[in-house]
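Architecture at a glance
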Amino acid sequence: MSAKRRSSDKNTEKCSKKDKRGESPGINPDLEDTEIRDGMKEAWERKRSFSRGNVELDCEPFPHCKIRNFVQNDSFVQSLRDELLQLNFNCKSNDLYKFQQSDDLKKRKEHHISEIRSLIFVQFRSWMSQVLGVDLEPTVDISCAKYEHTDVLLCHDDELEGRRVAFILYLVPPWDLSDGGTLDLYSVDEHYQPVSVVKSLLPCWNTLMFFEVSPVSFHQVSEVLAEGKCRLSLSGWFHGPSLPRPPCYIEPTISHHTHIPRDENVLFEWVNETYMDPLYQAQVQQEFEDTSEIRLKNFLQEEKFNQVRDALRLAEIQWVRRGPPNKRCYSYAEPKEMPSCLKECWDFFSSEPFFLLLSNLTGLSLHYLAEGGEESGSEKNSEESDAEEEINNPGLGTSASSSAEKKNKGPPTCAGELRRWTHGDYTLLHDSVKREFALDLLLHVGCTGWKAEFGGFTSYIAHDEDEELLTVYPEDNSLALVFRDRETLKFVKHLNHSSTVQHPDQKDSALYDFSFTYYE
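All residue numbers refer to position in the chain's written sequence, counted from 1. Selection of residues for local features in this predicted model requires a pLDDT of at least 70, selection of side-chain atom pairs for listing and counting requires 80 or more, and totals for whole chains, interfaces and linings are taken over all residues. With hydrogens and water set aside, each side-chain value is computed from the structure's full complement of heavy atoms.

What the protein contains, in helices and strands, is 11 helices and 24 strands. Only protein chains enter the accessibility calculation, which uses a 1.4 Å probe; a residue is then buried when its area is under 20% of its type maximum, exposed when over 50%, and partly exposed in between. Per-residue burial over the protein gives 52% buried out of 520 residues. Two residues qualify as a contact provided that any one of their heavy atoms is within 4.5 Å of a heavy atom in the partner residue. Long-range pairs, those at least 24 residues apart, make up 80% of the contacts in the protein between residues at least 6 apart in sequence. Carbon and sulfur atoms form 47% of the exposed surface of the protein, whose accessible area is close to 25300 Å². The numbering of helices and of strands both runs from the N terminus, where a helix is a DSSP run of H or I of at least 4 residues and a strand a run of E of at least 2. All accessibility values rest on the Shrake-Rupley procedure with a 1.4 Å probe; residue burial counts only the protein chains present in the view.

Below is the structure:
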């Protein structure tokens with residue numbers, strides 16, 4: 001008896017597995033309803049809202065559609081999720097995002113992946129073409145993404161040649177707003193630049209979202225705050241003729257200024273005496289010229305640094321948000337609104353004596369008294385010098401590589417900001433960034449015990465490459481100097497939720513820095 005039962009159980013299990021492998025993903029019958037399809041088409045043309053059955057279209061801040069119960073049979077969706085979780089995922093992390101992604105699924109042979117691909121590529125694409133009145137191409141991009149704790153995809157518009165419609169099919173467990181991971185939609189200003197999040201869409205099981213890629217389709221996946229939950233989704237793009245785009249908006253540049261006249265005593269008031277020693281300055285300069293970057297620990301005198309730190313923590317400062325969010329998101333303080341201690345520090349970094357000190361520490365021509373220090377002993381042809389430096393220092397620039405740029409320029413200048421960084425802040429690489437030779441200065445404040453996994457570090461990368469050349473991690477009272485050339489770009493990594501545990505005894509967990517850029 002027991003043997004027969006076991007045999008019967010095995011046969012039942014085999015049949016169950018066979019049935020599971022053979023199941024097909026019927027599309028939601030609402031999409032086959034003529035009235036719903038025609039109603040959607042008219043609403044899309046007129047940019048009006050529409051809701052019937054499982055289909056809901058909203059046109060603010062830009063047209064987007066939600067289809068609940070996209071796949072008719074829920075057991076197929078569960079099996080699809082299990083199949084997707086067996087794939088190999090690649091960790092993706094740069095200025096814009098941090099999450100895990102599968103390879104392209106166009107050629108995967110697994111049953112459920114093949115079936116959902118066929119449903120989306122054929123049946124759903126045909127429905128989309130009719131609703132939008134656009135001939136969508138058979139080629140569809142599709143991959144699987146996993147977002148877990150602190151993963152994020154920051155503000156962008158999805159614009160890329162040939163992309164016409166973006167779609168996301170959510171395969172998530174029960175999800176709450178407190179879990180993060182929402183699809184956030186942005187409003188735009190008169191220049192078609194994103195302004196702020198005006199709508200947040202919660203990911204829901206077996207729900208498909210789609211929207212047209214356009215000049216105003218700015219969106220993000222907010223940081224996943226839940227621990228132990230996986231925001232799994234299938235996503236991609238339908239291809240077709242791109243929508244016309246307005247001319248690229250050019251932002252006003254941050255103004256540069258020449259040095260502020262100050263007595264040289266300002267250096268002795270602010271700078272650690274170690275860095276005032278000419279022999280030590282020569283040693284620093286040699287190291288900087290070899291590597292194009294250096295970290296000078298305990299740079300400010302301890303008493304001065306403590307005054308700056310306390311002023312940032314305790315003083316009432318008027319912080320101004322700086323955007324747009326597809327390029328940057330942080331706060332800064334206007335010099336005229338700073339407390340006296342911070343204004344003095346700002347003036348110190350802008351002062352003539354400090355320009356001279358930087359020249360002595362780096363070998364750059366930032367002060368007339370330092371000009372010709374190297375050139376007087378060598379008349380090396382600038383082209384030969386550039387070529388030699390390119391070989392020795394591929395990536396980050398050097399003072400020699402900028403010599404040709406210095407010709408016929410005015411006096412040395414600088415531009416700077418006092419910045420405040422809190423959870424959710426970042427800067428992004430973007431096409432409109434100015435490509436230039438420059439010396440970057442960073443002095444961090446309020447980051448004792450800061451960890452790399454919090455974000456907030458500055459990454460330098462080679463233009464059009466994923467290669468990371470240098471990372472500057474926040475460290476109290478450590479002056480970072482980096483010389484970059486036209487092929488070197490930088491960004492500040494998104495500060496994630498983990499950073500909020502940094503100072504539990506304070507009203508916030510802010511990180512601060514003085515960020516200056518100097519030009520020969």
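Our next topic: the pairing of strand 9 (residues 183–188). Summarising burial for strand 9: 5 of the 6 residues are buried, a large majority. Summarising the sheet, strand 9 and strand 10 (residues 194–201) pair through 5 bridges and their orientation is antiparallel. Note on strand 10: the bridge partner recorded for L183 is L201. Pairing between two strands requires that DSSP report at least two bridges joining them. Linking two consecutive strands that pair antiparallel, namely strand 9 and strand 10, is a turn of 5 residues; a positive phi of about 65° is found at Y192 within it. In the sheet, strand 9 pairs with strand 12 (residues 219–221) via 3 bridges, with the strands oriented antiparallel. In the strand pairing of strand 12, D184 is matched with Q220.

Only residues whose relative accessible area exceeds 30% and that take part in no salt bridge are eligible for patches, with like-charged residues grouped when within 9 Å of each other and nonpolar side chains (Val, Leu, Ile, Met, Phe, Trp, Tyr) grouped when within 5 Å. The term salt bridge refers to a side-chain nitrogen of Lys or Arg lying within 4 Å of a carboxyl oxygen of Asp or Glu. Residues counted as positive are Lys and Arg, residues counted as negative are Asp and Glu, and His and the chain ends are not counted. Where a charge lies is defined by one atom per residue type, namely NZ (Lys), CZ (Arg), CG (Asp) and CD (Glu). A cluster of acidic residues, D263, E264, E269 and E344, forms a negative patch at the surface. Within the element layout of this structure, E269 appears in helix 5 (residues 265–270). Residue classification places E269 among the partly exposed residues on the basis of a relative accessible area of 45%.

Between helix 6 (residues 278–291) and helix 9 (residues 352–362), the least distance of the axes is 6 Å, while the angle of their chain directions is 65°. For the pair formed by helix 6 and helix 9, the contact residues are Q281, V284, Q285, F288 and E289 on the first element and L357, S359, N360, L361 and T362 on the second. Residue classes in the contact of helix 6 with helix 9 are distributed as 4 nonpolar, 5 polar and 1 charged. All axes are obtained by fitting lines to C-alpha atoms, using only the stretch in contact for helices, and the reported angles, taken between N-to-C directions, cover 0 to 180 degrees. Classes in brief: Ala, Val, Leu, Ile, Met, Phe, Trp, Tyr, Cys and Pro nonpolar; Asp, Glu, Lys and Arg charged; the others, Gly included, polar.

With that settled, the discussion passes to the nonpolar core. Core analysis: the largest hydrophobic core is formed by 48 residues, its most contacted members being F299, F348, F349, F354 and Y518. Per-element tally for this core: the top contributor is helix 8 (residues 340–350), with 6 residues. The residues touching F349, leaving out its near neighbours within four places in the chain, are F354, F355, L441, L443, L479, F514, F516 and Y518. Ranked by size, the runner-up nonpolar core spans 46 residues in total, among them L31, I36, L119 and V165. What is meant by a nonpolar core is a set of buried Ala, Val, Leu, Ile, Met, Phe, Trp, Tyr and Cys residues, joined one to another through side-chain atoms within 4.5 Å.

The residue F305 is located in helix 7 (residues 302–314) in this model. F305 has contacts with L300, H444, V445, D476 and N477, leaving out every residue within four places of it along the chain.

A pair of Phe, Tyr and Trp rings is counted when the ring centres sit within 6.5 Å of each other, with Trp represented by its six-membered ring. The angle between the planes then sorts it: under 30 degrees is stacked, over 60 is edge-to-face, the rest tilted. Per the counting criterion, the structure on display carries 27 aromatic pairs. Chaining the aromatic ring pairs together yields one cluster made of W270, Y275, Y280, F299, W346, F348, F349, F354, F355, F514, F516 and Y518. A positively charged side chain is recorded as over a ring if its NZ (Lys) or CZ (Arg) lies within 6 Å of the ring centre. The angle to the ring normal must also be within 35 degrees. Over the ring of W237 we find R163, and its NZ or CZ is 3.5 Å from the ring centre. Directly above the aromatic system of W270 lies the positively charged group of K304, at a separation of 4.6 Å from the ring centroid.

To continue, consider helix 9. In terms of burial, helix 9 is a largely internal element, 8 of the 11 residues being buried. Burial in helix 9 covers these residues: P353, F354, F355, L357, L358, S359, L361 and T362.

Once that is clear, we can look at the sheet that holds strand 23 (residues 488–492). Spatially, 3 strands are ordered 21-20-23 in an open sheet, and the strand pairing comes out antiparallel. Strands at the two margins of the open sheet, each flanked by one partner only, are strand 21 (468–472) and strand 23. In this sheet, adjacent strand axes meet at a mean angle of 20° when their direction is disregarded. Across 5 bridges, strand 20 (residues 458–462) lies against strand 23 in antiparallel orientation. Bridge pairing in strand 23 links I461 to L489.

Here the amide bond leading from E60 into P61 is cis, since omega sits at 0°, within 30 degrees of zero. In this structure, P61 sits in the loop between strand 2 (55–58) and strand 3 (64–67). Following G323, the chain continues into P324 via a peptide bond in cis, with omega recorded as 0°. In this structure, K47 takes a positive phi of about 55° despite not being glycine. Following the sequence through the fold, K47 ends up in the loop between helix 2 (34–46) and strand 1 (50–52). Residue K47 is classed as partly exposed on the basis of its relative accessible area, which comes to 45%. Unusually for a residue other than glycine, N298 sits at a positive phi of about 50°. With respect to the secondary-structure elements, N298 resides in the loop between strand 14 (293–297) and helix 7.

What follows is about the pairing of strand 5 (residues 97–101). Taken together, the 4 bridges between strand 4 (residues 90–93) and strand 5 define a ladder with antiparallel strand orientation. Residue pairing for strand 5: C91 is matched across the bridge by Q100. Here strand 4 folds back onto strand 5 in antiparallel fashion, the turn holding 3 residues. Two strands pair when backbone bridges link them, and strand 5 and strand 7 (residues 152–156) are joined in this way by 2 bridges, in the antiparallel orientation. Looking at the pairing, K98 lines up with V152 of strand 7. Where strand 5 lies against strand 6 (residues 140–147), 2 bridges are found, and the strand directions are antiparallel. Within strand 6, the position partnered with Q101 by the bridge is A145.

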